[in-house]
Amino acid sequence: MRIPFTKMHGCGNDYIYVNMMQHKIENPQSAALAWSDRHKGIGSDGLVLIDRSPIPEADFSMRIFNADGSEAMMCGNASRCIGKYLYERELTEKTEIRLLTMSGVKILKLNNLVDNSPKEESRSSRSVQSITVDMGEPILDDPSLFDPCLTEDLSEKLSDLKGFLGARFVSMGNPHFVIFTDDVDRVGEIGPKLEHHPAFPQRCNIELARIESDGTIRTRVWERGSGITMACGTGACATSVASFLIGKTSRKSQIIMDGGTLTIEWCKADGHVYKTGPAEFVFDGEIEL
């Protein structure tokens, strides 16, 4: 059986998207593992399944599987891509979409909409320029995700980092450990060591972040289950929150990742983190299941 798919990316964080309202995948773990292979498959950071929501509080649902087949709770870049996919493929008329994830319902606000054609013409003229996602409130302590008793051991492992300013744990529905250092290019060395550290019972996403003179934050990411990725939406949110908590930036930050820039605001009024950025189609295709 051949399955239609769409490849999309948000700031270079690329996933394979399948519309489960039309085509079912019985074993998404093995599909993610095979299809994500950049030499023998489609090539991606993982597989995202889009479906109708099983609850009335949401319009659609998403499940996301990393390149190693493990299931993730949430992905900020993927959620933006889903907003673009649903609107431009005319699966919804809504410009605020309630998306059910394993981290709860997220609100996607579609920005700068363009629709240059009447209904009977091509859907390609309908476009979304950027998407803002309400990522909810950050969680700063969760014993199921982070054991603070092991913080000293973590710090010892990071003591040789150039310009090390400290580190903070932040959960955005998935766990992140944000390390402030000048050595952001050591992410490939530090990431795999800390992902499986005993301080993180469910493993962890690792960010190395450098605060620039203009207040922007250069961040590189080691994603749990995927390795180095071009960008991570929840990681950008965690970095912005952590930077504010250590007194280095305001509540609004520009997070510069390998694949592009995301705007993050930790709103004082409601305590929610809002993430704004682009999403792009790469190509459509079919693959053997």
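For the structure, check the block above.
In this text, all values refer to a predicted model and were calculated from it rather than measured experimentally.

A.B. asks: So what exactly am I meant to see when it comes to the overall build of the protein here?
C.D. replies: Regarding its fold elements, the protein presents five helices and 17 strands. Taking 19 Å as the expected radius of gyration for a compact globule of 289 residues, we find that the protein reaches 19 Å, a close match to that expectation. Each principal axis of the C-alpha atoms in the protein carries an extent, and together these give about 60 × 40 × 35 Å. Every one of the 289 residues in the protein was classed for burial, and the buried ones make up 54%. On the protein, roughly 12300 Å² of surface is accessible, and the fraction owed to carbon and sulfur atoms is 50%. One way to put it: in the protein the 32 positive side-chain charges average out to a point 1 Å from where the 41 negative ones average out.

A.B. asks: Mind showing me how you'd approach the environment of aspartate 45 here?
C.D. replies: Examined against the element boundaries, aspartate 45 turns out to sit in the loop between α1 (28-35) and β3 (46-52). You can call aspartate 45 buried: its relative accessible area is 6%. In this structure, the C-alpha to C-alpha distance between aspartate 45 and histidine 196, residues 151 residues apart in sequence, is 19 Å. Not counting the four nearest positions on each side in its chain, aspartate 45 is found in contact with Gly12, Asn13, Asp14, Tyr15, Ser36, Arg38, Phe65, Asn66, Ala67, Ser226 and Thr229. Side-chain polar atoms of aspartate 45 contact the side chain of asparagine 13, separated by 2.7 Å.

A.B. asks: Just to check I follow, could you spell out the nonpolar core for this structure?
C.D. replies: Proteins that are soluble and globular tend to have nonpolar side chains buried together. Counting 48 residues, the largest nonpolar core has Tyr17, Val48, Ile64, Ala78, Ile82, Met257 and Val273 as its most contacted members. For this core, the element with the highest residue contribution is helix α2 (residues 76-88), accounting for six residues. Contacts of isoleucine 64, omitting those with residues within four sequence positions, involve Tyr15, Leu47, Val48, Ser70, Glu71, Ala72, Met74, Cys75 and Ala78. Ranked by size, the runner-up nonpolar core spans 18 residues in total, among them Ile179, Val187, Cys204 and Leu208.

A.B. asks: Help me out: how do you make sense of the pairing of strand β15 (residues 260-266) in this one?
C.D. replies: Looking along a regular strand, one sees side chains alternate from face to face of the sheet. In this sheet, β15 lies alongside strand β14 (residues 252-257) in antiparallel orientation, the contact comprising six bridges. Across the sheet, the residue bridging to methionine 257 is glycine 260, located in β15. Adjacent in sequence and paired antiparallel, β14 and β15 are bridged by two residues. As judged from the four bridges shared by β15 and strand β16 (residues 273-277), these two strands associate in the antiparallel manner.

A.B. asks: Could you clarify how one ought to interpret the packing of aromatic side chains in this entry?
C.D. replies: Aromatic ring pairs are described here by two measures, namely the spacing of the ring centres and the angle between the planes. According to the stated counting rule, one finds six aromatic pairs in the structure shown. Consider the rings of phenylalanine 146 and phenylalanine 169, whose centres lie 4.8 Å apart with planes at 10 degrees: the pair is stacked. Within this pair, whereas phenylalanine 146 is found in the loop between β8 (126-134) and α3 (151-157), its partner phenylalanine 169 is found in strand β9 (residues 166-171), the two being separated by 23 residues in sequence. Taken as a pair, phenylalanine 146 and phenylalanine 169 share a single burial class, namely buried.

A.B. asks: Hey, could you run me through the state of the cysteines in this one?
C.D. replies: Disulfide: a covalent bond connecting the sulfur atoms of a pair of cysteines. In total, this model carries zero disulfides according to the counting rule given. Unpaired in this structure, cysteine 75 has its nearest cysteine sulfur neighbour in cysteine 232, at a distance of 6.2 Å. Take cysteine 75: its relative accessible area is 3%, and that puts it in the buried class. With no disulfide of its own, cysteine 149 lies 16 Å from the sulfur of cysteine 204, the closest cysteine sulfur.

A.B. asks: What am I meant to see in helix α5 (residues 233-245) here?
C.D. replies: Think of an α-helix as 3.6 residues a turn; residues three or four steps apart then line up on the same face. The end-to-end C-alpha distance of α5, which contains 13 residues, comes to 19 Å, matching closely the 18 Å that a straight helix rising 1.5 Å per residue would cover. Of the residues making up α5, those classed as buried are Gly233, Thr234, Gly235, Ala236, Cys237, Ala238, Thr239, Ser240, Val241, Ala242 and Ser243. Once α5 finishes, glycine 247 follows within two positions and takes phi at roughly 80 degrees, a positive value.

A.B. asks: How should the pattern of salt bridges be read in this particular structure?
C.D. replies: In a structure, side chains of opposite charge can pair up when their charged atoms sit close to one another. A full pass over the atoms with the stated rule returns 23 salt bridges. As a salt-bridge pair, glutamate 195 and arginine 203 come within 2.8 Å of each other at their nearest N and O atoms. For aspartate 258, the salt bridge goes to arginine 218, with nearest N and O atoms at 2.7 Å. A residue pair is termed long-range when its members are at least 10 positions apart, and aspartate 258 in the loop between β14 and β15 and arginine 218 in strand β12 (residues 217-223) qualify at 40 residues. When its relative accessible area of 27% is taken as the criterion, aspartate 258 is described as partly exposed. Salt bridges linked by common partners bring Asp160, Asp183, Arg186, Glu189 and Lys193 together as one network.

About the criteria used
Counting restarts for each chain: residues are numbered from 1 in the order of the written sequence. Note on the predicted model: pLDDT of at least 70 is required for a residue's local features to be given, and 80 or more for side-chain atom pairs to be given and counted; whole-chain, interface and lining totals, by contrast, use all residues. In computing side-chain values, all of the structure's heavy atoms are included and hydrogens and water are not. Going along the chain from the N terminus, every DSSP run of H or I of four or more residues is numbered as a helix, and every run of E of two or more is numbered as a strand. With C-alpha atoms as the basis for the radius of gyration, the globule rule is written as 2.2 Å multiplied by the number of residues raised to the power 0.38. Burial classification: accessible surface area is computed with a 1.4 Å probe over protein chains only, and a residue below 20% of its type maximum counts as buried, one above 50% as exposed, and the rest as partly exposed. We get accessible surface area from the Shrake-Rupley algorithm with a probe of 1.4 Å; when it comes to residues, only the shown protein chains can shield them. Residues scored as charged are limited to Lys and Arg (positive) and Asp and Glu (negative), so that His and the chain ends carry no count. A charged residue contributes its charge at one atom only: NZ of Lys, CZ of Arg, CG of Asp or CD of Glu. Contacts are assigned to residue pairs that have any heavy atoms within 4.5 Å of one another. Pairs of N or O atoms are called polar contacts if they sit within 3.5 Å, as long as, within protein, a hydrogen donor faces a hydrogen acceptor (for residues adjacent in sequence, only side-chain-to-side-chain pairs). Grouping buried Ala, Val, Leu, Ile, Met, Phe, Trp, Tyr and Cys residues that are joined through side-chain atoms within 4.5 Å yields what is termed a nonpolar core. At least two DSSP bridges between two strands are needed for those strands to be called paired. What counts as a ring pair is set by centres within 6.5 Å for rings of Phe, Tyr and Trp (its six-membered ring), and what kind of pair is set by the plane angle: stacked under 30 degrees, edge-to-face over 60, tilted for all other angles. Note on terminology: pairs of cysteine sulfur atoms within 2.5 Å are recorded as disulfides. Expected helix span is given by 1.5 Å per residue-to-residue step, counting one fewer step than there are residues. Here, a salt bridge means any Lys or Arg side-chain nitrogen found within 4 Å of an Asp or Glu carboxyl oxygen.

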